[in-house]
Amino acid sequence: MPRDVPQRRKPAGKATQSASGRALDDLLCRLSDAAEARPLPVAELRSALTQLGPARGDDLLPALETFLARPLPPVQAGRLTLASDVFRAFTGQPLFHPDLAGMLCRHSSGFLVAALDSPSWLLEKDHPLHVLASMLAEQARGWYPEHVRAAEVADAMIDWLQGLTAGDSPQSVLERARGWQSQFAHRQQILTSRLIEAELGGLKLARVRERVAGSVSRLVAGRQLPDFIVRQLMDEWLPGLQWLLLQQGEQGPEWPEVTRLFGLLVWTLQPGLAQGPTAEKWQRVSAEVRQALPDVLPRFIRDEQSRNMIEEQVAMAHLALQGERELCYIDLPSLQGATLLDAVDARLSRDLMDEINNLSEQTWFRDASGGRFRLLLKDATYQQLVFVNQAGVKAFADSFDGFALKLSTGEVRALTGQDSLWTLLGVRLQELRADAETLAAARQQQAERERARQQALADAERVEQAHQQEHARLEAAAASRQAQARQKLRLKITGLPLGSWLDFNGSTGTARLKLAVILPSSGKYVFVDSQGGNRQALSREELLEQLLSGDVSFVGEDLRFDDTLDRLVDGLAQ
């Protein structure tokens, strides 16, 4: 990514940004539905983050907005969330002990403020904060709570982060961190140099003990031996074999012959072989062993009395086995330097041993208890490994075989696969881009659905308007027809001649009455039946309403008169 250009003040008071910075802010805005707002002062945000302390992770932004009693602008909220997510993912890797990761996250305000102040560290791979993050990872590699200088290292790392929170420049904090790391590494170097000098002298002896213990364990391979032979083995054979290896090594002429004789001796001391189908072989091999002992024992056991005792005890054991006399058998005690594989006469795979041979010094490991240690010394000659903790103090030593066995069982694991802060930042930005694209597509689909909904609403509104207009037209037409009918009836009533017959429809039936008189004073129409009774008096409007409702109807209407009325009403309407 290109670097940010140096910040200069615009007349309006806003800092200029690089194209990458604008692209980042645009991406963060696209991920937010909130309206853009005026950025809050960085000093205010720094103070709030410092006072919040442990608030971090998914609850950081809500906690900060609650503390400030206002929402953050989208750009600042996005930068804060991005920086928090990346730093949390960085310290959440296996390289960081969980206790240390928690402490660093609680003091990560400086990294967050730097992202709020300027997004440059989010966009520049060689920014001082990325270098500082690498230094944090380097110190975290060997940190675990139980080692003697754990508190000192954790305090130093926290001090760097607190310097950022206090407003120190990333470059000045980086220089301070480099100075501390240089002094720490110098003290480590002094301790490890002395340790190497001390360990080199003991590696050969450790290898000899391991080789003898492994060879004896493999030759015995879990079988029991008479108790007096076991005591003899521990007191005489083991020291003698170690001395022989120290003097001549495994490539000397004596070692193969001595180990072969010991293997044959172990076989002849197993119960039940002196009888049955193996009796003949047992007689031959046991005689060969007793015959070879006086010649072989002096090569690694100097004391003549001890050699004589061994010969006598072996002969006594053979005689007891041949005579089927009972012997007390016991297990061989665990030998210093022997492994589980030696006890079952097994070998590690070639691939695993190649992995051990390819181990580089300075590689860090962790065990099941959480301890951290690094490989300080690998001696291929004696196949020994020496490990130290973060302070440079010896953690333990082991053989190639022993450490390979620990790796194969998962008791020990290499600390590898650490991603840098820059790598994790790139991964997070790719995720944000994907989220933005998904969100944009969802918003576009929503907008299209909204446009379709609005179009459907508009169409429905137009249809409704058309329906309303048609209804209004029909109502107007009906009203016009009703008005015409009313006017027609009014004219007809006005010209109604005396003696006109009308039917009055009531609940008891229809009564036919004729217009007898029109009273000028009240304007009422008086109707009577043919006998002059059943008198009905109605005003003009009452008669009009009853004619309209059908309660009263004309009898024997003159069609010509109706046509004349229709023409008259139509003329008035026009």
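Cut-offs used in this document
Residues numbered from 1 in each chain as written. Predicted model: local features only at pLDDT ≥ 70, side-chain atom pairs only at ≥ 80, totals over all residues. Heavy atoms only, no water. Helix = DSSP H or I, 4+ residues; strand = E, 2+ residues; numbered from the N terminus. Buried < 20%, exposed > 50% of the residue type's maximum accessible area, 1.4 Å probe, protein only. Contact = heavy atoms within 4.5 Å. Axes fitted to C-alpha atoms, helices over the stretch in contact; angles between N-to-C directions. Parallel < 35°, antiparallel > 145°, perpendicular 65-115°, else oblique. Core = buried A, V, L, I, M, F, W, Y, C linked by side-chain atoms within 4.5 Å. Phe/Tyr/Trp six-rings, centres within 6.5 Å; stacked < 30°, edge-to-face > 60°. Lys NZ or Arg CZ within 6 Å of the ring centre and 35° of its normal. Pairing = 2+ DSSP bridges. Left-handed = near helix turned anticlockwise from the far one by under 90°. Nonpolar A, V, L, I, M, F, W, Y, C, P; charged D, E, K, R; others polar.

A. Structural view of the overall build of the chain. Helix and strand counts for the chain come out as 20 helices and 12 strands. Each of the 574 residues in the chain was classed as buried or not, and the buried ones make up 40%. Across the chain, contacts joining residues at least 24 apart in sequence account for 65% of those joining residues at least 6 apart.

B. The environment of Ser-172, seen in detail. For Ser-172, the position within the fold is in helix 10 (residues 170-220). Put simply, Ser-172 and Trp-160 are 12 residues apart on the chain and 9.7 Å apart in space, counted from C-alpha to C-alpha.

C. Summary view of the packing of helix 13 (residues 279-296) against helix 14 (residues 304-322). Closest axis-to-axis distance for the helix 13/helix 14 pair is 10 Å, and the angle between their directions is 170°. The pairing of helix 13 with helix 14 is recorded here as roughly antiparallel in orientation. Across from Trp-282, Gln-283, Ser-286, Arg-290, Leu-293 and Pro-294 in helix 13, the residues of helix 14 making contact are Glu-311, Val-314, Ala-315, His-318, Leu-321 and Gln-322.

D. Seen up close, the nonpolar core. Grouped together as the largest cluster of nonpolar side chains are 64 residues, with contacts concentrated most on Leu-64, Phe-96, Phe-111, Trp-121, Leu-132 and Trp-160. With 8 residues, the top contributor of residues to this core is helix 9 (residues 150-166). Leave out the neighbours within four places in its chain, and Trp-121 touches Ala-83, Phe-111, Ala-114, Ala-115, His-127, Leu-129, His-130, Leu-421 and Leu-425. Judged by nonpolar contacts, the second largest core, of 40 residues, contains Leu-297, Ile-301, Val-314 and Leu-327.

E. Local environment of the packing of aromatic side chains. Per the counting criterion, the structure on display carries 14 aromatic pairs. Both rings, one in Phe-365 and one in Phe-403, keep their centres 5.1 Å apart while their planes meet at 85°; by these two values the pair is edge-to-face. Of this pair, Phe-365 sits in strand 3 (residues 364-367) while Phe-403 is found in helix 17 (residues 400-409), placing the two residues 38 residues apart along the sequence. With relative accessibility at 1%, the residue Phe-365 sits in the buried group. Residue class for Phe-403 comes out buried when judged on its relative accessible area of 0%. Put simply, the rings of Phe-365, Phe-373, Phe-387, Phe-396 and Phe-403 pair up and form one aromatic cluster. The positively charged end of Lys-281 is found above the aromatic ring belonging to Trp-267, 4.9 Å away from the centroid. Lying across the ring of Phe-554, Lys-492 places its NZ or CZ 4.0 Å from the centre.

F. The arrangement of the sheet that holds strand 10 (residues 524-528) in detail. Spatial strand order, 11-10-9-8-12: 5 strands in an open sheet with antiparallel pairing. Two strands lie at the open edges of the sheet, namely strand 11 (536-539) and strand 12 (552-554), each paired on one side alone. Neighbouring strand axes in the sheet, compared pairwise and without regard to direction, differ in orientation by 35° on average. As paired elements, strand 10 and strand 11 share 4 bridges and run antiparallel to each other. Within the sheet, the bridge partner assigned to Phe-527 lies in strand 11 and is Gln-536.

G. Seen up close, the packing of helix 6 (residues 109-117) against helix 9. At their nearest, the axes of helix 6 and helix 9 sit 7 Å apart, and the two run at 35° to each other. Crossing geometry of helix 6 relative to helix 9 is assigned as left-handed. When helix 6 is examined against helix 9, the residues Ser-109, Gly-110 and Phe-111 are found in contact with a partner set consisting of Leu-161, Leu-164 and Thr-165. In terms of residue class, the contact of helix 6 with helix 9 is made up of 3 nonpolar, 3 polar and no charged.

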